[in-house]
Amino acid sequence: MVALITGGGRGIGRAIVSRSPAELAATAKEAGGKTLAITADVSNASEVKGMVQRTESELGPIELLVNNAGIAGPMGPFWETDTGEWWRCEEVNVRGPMLCSHAVVPGMMRRNAGRILNLSSGAGVRAVPNMGAYALSKAAMMRFSEQLALELAPHGIQVFAIRPGVVRTRMVEAVRGHVPVVQNFLDEGRDVPPEATADLVEYIASGKADALSGCVLSVEENWDEMVRRSEEIRRDQMCVLRLKEFPG
């Protein structure tokens, strides 16, 4: 299987397989097998196009896309953050997955097969003080995944959003002092190893979770049980973003 994993230089991306050439090279060496390290800005359309073309030219058709590259964005109250930094977070975390998906989907459609995984977060389902840009981008990943899954289902392509939990990545270490809930998770030892996300990616890549395409899957859930109850999950609209309306 040919998999394209963005942000593969460190943290979760390394566990699954940065833009830093040295980190990418180290990841490729560690991964073994036939691995290609490419430095690219996922928010730049021409660089994404080149990345996809080179991958498919040297390794073959992309069967799995993992949109993992992301940044935390500015920390602090919205009115105190730099608007350029705030929007840059959306450029990387939302525009990036959009461009990468747009680049690989035509090939997947021709082959009537493929899977796309978008890294989301618990921050995408609730407001997080001092982390507005990031929270918004991760909520977008959930809706983007469901939207793509709906439109691509007739073409044999499955799409998922993934919640990796709080992982001790360089990004998390940088924001822990600004976001109390993250600090509490780390202090209480409730962080999750990056390998847990790699296990979930492997599970989805195997095709076992195809019945849950469009859903948000967490590393802490029982995936086999979810697949067994997939009809119930779809019927009751679980594991998706929904508005709980006032019943009156």
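I will try to describe carefully the structure that is included in this document. Remember, predicted model here, so these are calculated numbers, not experimental data.

A look at unusual backbone geometry
One non-glycine residue, Asn130, lies in the positive phi region at around 70°. On the secondary structure map, Asn130 appears in the loop between strand S3 (114-119) and helix H5 (132-152). Given the relative accessible area of 27%, Asn130 is considered partly exposed. Look at Gln237: it is not a glycine, yet its phi comes out positive at around 55°.

Quick look at the pairing of strand S2 (residues 64-67)
Covered by surrounding structure in S2 are Leu64 and Val66 together with Leu65 and Asn67, the residues of both alternating faces. Note that strand S1 (residues 3-5) and S2 share three bridges and pair parallel. If you follow Ile5 over to S2, its bridge partner there is Val66. Of the pairings in the sheet, the one linking S2 to S3 comprises four bridges and is parallel in character. From the neighbouring strand, Asn67 faces S3, where its bridge partner is Asn118. Taken together, S2, helix H4 (residues 83-111) and S3 constitute a β-α-β crossover, and its handedness is right-handed.

Cut-off values and rules
- Residues numbered from 1 in each chain as written.
- Predicted model: local features only at pLDDT ≥ 70, side-chain atom pairs only at ≥ 80, totals over all residues.
- Heavy atoms only, no water.
- Helix = DSSP H or I, 4+ residues; strand = E, 2+ residues; numbered from the N terminus.
- Buried < 20%, exposed > 50% of the residue type's maximum accessible area, 1.4 Å probe, protein only.
- Pairing = 2+ DSSP bridges.
- Right-handed = clockwise from strand over helix to strand, strands pointing away.

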